[in-house]
Number of protein chains: 2
Amino acid sequence: MSEAEFACIDCGENYPPNLPRWRCGCGGPLEVEPNAVFTRESLASRPTTLWRYREAIPIQDDSNIVTMDEGMTPLVSIAHSGMEILCKLDFLFPTGSFKDRGATVLMSKMKEWGLAQVLMDSSGNAAAAVAAYAARAGIECDIYAPASTSQAKCAQITAYGARLHKIPGPRAASTAVAMEAAKERFYASHFWNPWFNHGTKTWAFEVWEQLGFTAPNAVVAPTGHGSALLGAYLGFSELLRAGYISELPKIFAAQAARCAPMVQMWEENLEAVPEITPEETIAEGISIAAPVRWKQMIEAVRESGGCFISVEDETIPPLLREFGAKGVLMEPTSAVAFAAAGLLREQGKISQSESVVVPVTGHGLKAADKLEKLMSV
Amino acid sequence: MSEAEFACIDCGENYPPNLPRWRCGCGGPLEVEPNAVFTRESLASRPTTLWRYREAIPIQDDSNIVTMDEGMTPLVSIAHSGMEILCKLDFLFPTGSFKDRGATVLMSKMKEWGLAQVLMDSSGNAAAAVAAYAARAGIECDIYAPASTSQAKCAQITAYGARLHKIPGPRAASTAVAMEAAKERFYASHFWNPWFNHGTKTWAFEVWEQLGFTAPNAVVAPTGHGSALLGAYLGFSELLRAGYISELPKIFAAQAARCAPMVQMWEENLEAVPEITPEETIAEGISIAAPVRWKQMIEAVRESGGCFISVEDETIPPLLREFGAKGVLMEPTSAVAFAAAGLLREQGKISQSESVVVPVTGHGLKAADKLEKLMSV
């Protein structure tokens, strides 16, 4: 493959994509831009994995691909709030969440960079995904996670052979300790390294194929660091540039009201992420007070004609019960986007005639202990 | 579609497949035989779900299909015991186990029969699958499960809106109570109704496609009631009859030594299932003392040139750790087939040059509580 562009979002500084780097010298986040695209005609004969979109995934050499044949998850229609929501069952991945989309690409890049050891921080799903794919790649992996992380998630992370470090304090404390440790080992952060979102973007490609090579009118993504949101934006943007779709879907970003810095930025038109003190939310997977890629997120939502929206924790349990009783068991974090879809419909931001896709980002089995309590009401 | 044959395995009595029935008048189990097959050429343009094998699935009318776009699970190579095992990640289904293959077809048939209410018994995975697809079909569902069933599995079953009845005593007690209740409602049993295995057989079709339209030399299936085993046999037999493969793979059936009635039947050449008192095993999903379809299982294994084999509980935890550290987290029951594959290799029943496929039948997340204990050693 031809080389991708690898540059800073803030200052525009360029870097060679063949050398390990997770942040610009100026402190800004980096982005990578593939300079190729697949042809629509070639897809029919390719394997049913996300690597069918090979040209769009910025990995240089096929021999570095670390994969478990992941991708092409189901798209299932479920009636909710007077509309038909197309649910992308994006928990049907080896580790039980859509983060595997990002991890297969990120760990392929880590392998391409020849790294033998990496570390990262996460509250659960991204850690499990990176740990599993690091295991497949034969790369040693250290994970920093809040001491409050559920035992089941901890068990999963260590099952993949990663070393788990439990860090007292809020989620941000784990990031701080990880960044300190990153002076010694490469920081395989799913939000700092842009390769991750060039994996998550494949959900947009799949939706486009599943809808007969068209884009939906809208997508709603649960949003913390923004890997589902930015994945949608990157994927649909590349389809648009290739002339495969005629416009972007409206991209809506859903946050839990108890930790909604991006909603505040959007509504108050702020130039920087506000300092907030997040309250505890059952949507733990998107409880991110200081997202790194806020600028990209704002631009993506603005360009697409969507908005940021917050939902109250109280709306989540009834939603989990409703979708469960329709055959789809999701983890509480995923429910935030479905609750938001209902609100957007009420507010008229999604009309009845519009097609809307919402990813089910994590399996309900990831939170079996909580579900029991939440669903017994 | 043309009508399938629907007849008793024991006495040969024929029944019309358009009328609800789960057992022959003589008490024997029924089998259904589709009289069509898909063409190899047509597959490339079909959706990537198990319903791509439409002609081979004995449902009359497309409008009755109850689906969540399930199927076409990954096939991943993992080195183990001096061989490369092709792991079919058959836990990548909406409810977290391969039982969804059976449930999508069984509940489609229940819908085709116009049933509004069904019941069944299971220790967990089949119950979750039937409950989820009943929910999709809008069919009321009662589940009878042992009182000892883990809380997480119970939470999953009720999350799908099924009514759960916890029955004291061993697994067989749940079956007995369910069969009594089946005088009032249809018994949607996954082992009595043959439609279930005509769903599980699609794993054979997928493997055949994934191996470039060839059969592997051997498959090893964890075996209780035999839905993975009989699925393999039905699927590969249909491919053989259609001339799509030249011989069956050897089919090996793995049981936990603590509950291995089929191994005893096989080794002692018995004419009936022996009365055994099963000991508690960590392979709870295949702890079945009196399998209904024993005759079919014996014939399948014999015809294919395989055998029945038992493995000790003690071999399971190291295996869970080994595969976890290679990126695949499975529930303990699934590990029985991998342990058996290693034994078969040692015994020379699978040679080094032979390709072997083993399904990972259930997600490790299904047993997060147990994994923690099992993997911490």
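Here's what I pulled together on the structure shown here. (Residues numbered from 1 in each chain as written. Chains lettered and ligands numbered in written order. Predicted model: local features only at pLDDT ≥ 70, side-chain atom pairs only at ≥ 80, totals over all residues. Heavy atoms only, no water.)

### Observations regarding the environment of W208(B)
Residue and element names in this part refer to chain B. Looking at where W208 falls in the secondary structure, it is placed in helix α6 (residues 202-210). W208 sits eleven residues away from V219 along the chain, and the two C-alpha atoms are 12 Å apart. Residues in contact with W208, not counting those within four places in the same chain, are F38, R40, L43, F213, T214, A215, L239, Y244 and I245. (Helix = DSSP H or I, 4+ residues; strand = E, 2+ residues; numbered from the N terminus. Contact = heavy atoms within 4.5 Å.)

### What about the relation of the copies chain B and chain A?
Overlay of chain B on chain A (RMSD 0.0 Å): rotation 180°, translation along the axis 0.0 Å. Put plainly, the chains are arranged around a two-fold axis. By C-alpha distance to the rotation axis, the residue of chain B lying nearest is L92(B), at 2.6 Å. A shared binding surface is used by both copies, with 100% of the interface residues of chain B retained as interface residues in chain A. (Least-squares fit on C-alpha atoms with pLDDT ≥ 70 in both.)

### Let's talk about the side chain of K153(B)
Structurally, the position occupied by K153(B) is in helix α3 (residues 151-159). On the accessibility criterion, K153(B) (5% relative accessible area) is buried. (Buried < 20%, exposed > 50% of the residue type's maximum accessible area, 1.4 Å probe, protein only.)

### Overview of the nonpolar core
Grouped together as the largest cluster of nonpolar side chains are 96 residues, with contacts concentrated most on M107(A), M110(A), V118(A), L89(B), V220(B) and F338(B). For this core, the element with the most residues is helix α2 (residues 125-137) of chain A, which contributes ten residues. If we ignore the near neighbours within four places in the chain, the residues touching V118(A) are M107(A), M110(A), I139(A), E140(A), C141(A), D142(A), F186(A) and A188(A). Residues C87(A), A254(A), C8(B) and F196(B) belong to the second largest nonpolar core, which totals 95 residues. (Core = buried A, V, L, I, M, F, W, Y, C linked by side-chain atoms within 4.5 Å.)

### Some remarks on the side chain of H198(A)
Residue and element names in this part refer to chain A. Along the chain, H198 falls in helix α5 (residues 197-200). There is a polar contact of 3.0 Å between the side chain of H198 and the side chain of K201. The contacts of H198, once residues within four sequence positions are left out, are E31, V32, P34, I57, P58, V105, L234 and E238. (Polar contact = N/O pair within 3.5 Å; in protein donor to acceptor, adjacent residues only side chain to side chain.)

### Some words on the sheet that holds strand β3 (residues 75-80) of chain A
Residue and element names in this part refer to chain A. If you walk across this open sheet you meet the six strands as β3-β4-β12-β9-β10-β11, and the pairing is mixed. Each edge of the sheet is formed by a strand with only one pairing partner; in this case those strands are β3 and β11 (308-311). If you compare each strand with its neighbour and ignore which way they point, the axes differ by 30° on average. In this structure, β3 lies alongside strand β4 (residues 83-88), joined through six bridges in antiparallel fashion. Residue pairing for β4: S77 is matched across the bridge by L86. (Pairing = 2+ DSSP bridges. Axes fitted to C-alpha atoms, helices over the stretch in contact; angles between N-to-C directions.)

### Let's talk about the packing of aromatic side chains
A ring pair, where both rings are aromatic, is described by two values, the distance of the centres and the angle of the planes. All names here are of chain A. Evaluation of the coordinates by the stated rule reveals 32 aromatic pairs over all chains. Between W22 and W192 the ring centres are 5.4 Å apart and the planes differ by 70°, which places this aromatic pair in the edge-to-face class. Residue W22 is located in the loop between β1 (5-8) and β2 (30-33), and its partner W192 is located in the loop between β8 (186-187) and α5; the two are separated by 170 residues in the primary sequence. Taken individually, W22 and W192 each receive the classification buried, so the pair is uniform in this respect. Here the aromatic residues F38, Y53, F205, W208, F213 and Y244 are joined through ring pairs into a cluster of three or more. The lysine or arginine in question, R23, covers the ring of W192, its NZ or CZ lying 5.5 Å from the ring centre. (Phe/Tyr/Trp six-rings, centres within 6.5 Å; stacked < 30°, edge-to-face > 60°. Lys NZ or Arg CZ within 6 Å of the ring centre and 35° of its normal.)

### With respect to the interface of chain B and chain A
Chain B puts 40 residues into the contact, and the matching count from chain A is 40 residues. Summed over both partners, the interface of chain B with chain A buries about 3000 Å², with 62% contributed by carbon and sulfur atoms. Where chain B touches chain A, the interface holds zero salt bridges. On inspection of chain B and its partner chain A, the count reaches seven residue pairs in polar contact (both at pLDDT 80 or more). Elements that contribute at least two residues to the side of chain B that touches chain A include exactly β3 (75-80), α2 (125-137), α3, α10 (316-324) and α12 (368-375) of chain B. Looking at which element gives the most residues to the side of chain B that touches chain A, the answer is α3(B), with five residues. Looking at the side of chain B that touches chain A residue by residue, the classes come out as 24 nonpolar, ten polar and six charged. (Buried area = accessible area lost by both parts, 1.4 Å probe. Salt bridge = Lys/Arg side-chain N within 4 Å of Asp/Glu carboxyl O. Nonpolar A, V, L, I, M, F, W, Y, C, P; charged D, E, K, R; others polar.)

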